[in-house]
Amino acid sequence: MRMTLYADYALRLLIYLAAKDDGLATIPEVAQNYGISKNHLVKVAHRLVQDGYITGMRGAKGGLRLAHPAETVNLGEVFRRIEPDMALVPCFPPVNAPCPIVPACVLRDVLEDARSAFLKVLDGYTLADLAAPRKKLRELLRIAV
């Protein structure tokens, strides 16, 4: 299983915002400090605003900030929204590709168990857990205090 770049950028943006004291950051700032694509980050930020995880403020003193305290943002929930299908193999929904062994396939059940276990682990963590080493994160991401 591999997390998409989209989900990776979403989690990185949330961590960045959680690590800031004032919580306000611009997309160019985040993109530069992570060394990632600004264009991709714009799409991710737009989705996180739509889903209610962050808010955007326009203007000279605008930017992005968390819409809720980091302690209330569950990683499993975020991941399910960002990666809604998590189709590990083509026979999983939403693709439902035909396969002659589906009626007797044990691999499909094993992979479903693995996917469920992965999400269960994420359900045990919040954004605050990811941002816990705040001092070190600020240092590494060059976030001014």
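The preceding data block contains the structure.
Residues numbered from 1 in each chain as written. Predicted model: local features only at pLDDT ≥ 70, side-chain atom pairs only at ≥ 80, totals over all residues. Heavy atoms only, no water.

**Comments concerning helix α1 (residues 5-19)**
Taking 1.5 Å per residue, 15 residues should reach 21 Å; α1 reaches 21 Å between its end C-alpha atoms and fits that length. For α1, the buried fraction is high: eleven of the 15 residues fall into the buried class. The complete set of buried residues in α1 reads Ala7, Tyr9, Ala10, Leu11, Leu13, Leu14, Ile15, Tyr16, Leu17, Ala18 and Ala19. (Helix = DSSP H or I, 4+ residues; strand = E, 2+ residues; numbered from the N terminus. Expected span 1.5 Å × (residues − 1). Buried < 20%, exposed > 50% of the residue type's maximum accessible area, 1.4 Å probe, protein only.)

**Re the layout of surface pockets**
It is the rolling of a water-molecule-sized probe over the atoms that shows where space remains empty. When its volume is computed, the largest pocket comes out at roughly 150 Å³. Together, Ala25, Thr26, Ile27, Gly56, Met57, Arg58, Gly63 and Leu64 line the largest pocket. Of all the secondary structure elements, the ones that give two or more residues to the lining of the largest pocket are β1 (54-57) and β2 (63-66). Looking at side-chain class alone, the lining of the largest pocket contains four nonpolar, three polar and one charged residues. (1 Å grid on protein atoms, 1.4 Å probe; cavity = no way out; pocket = protein on both sides within 12 Å on 5 of 7 lines; lining within 4 Å. Points joined across faces, edges and corners; volume = space filled by probe spheres on them. Nonpolar A, V, L, I, M, F, W, Y, C, P; charged D, E, K, R; others polar.)

The quantities given are spatial measurements derived from coordinates; they are silent on function.
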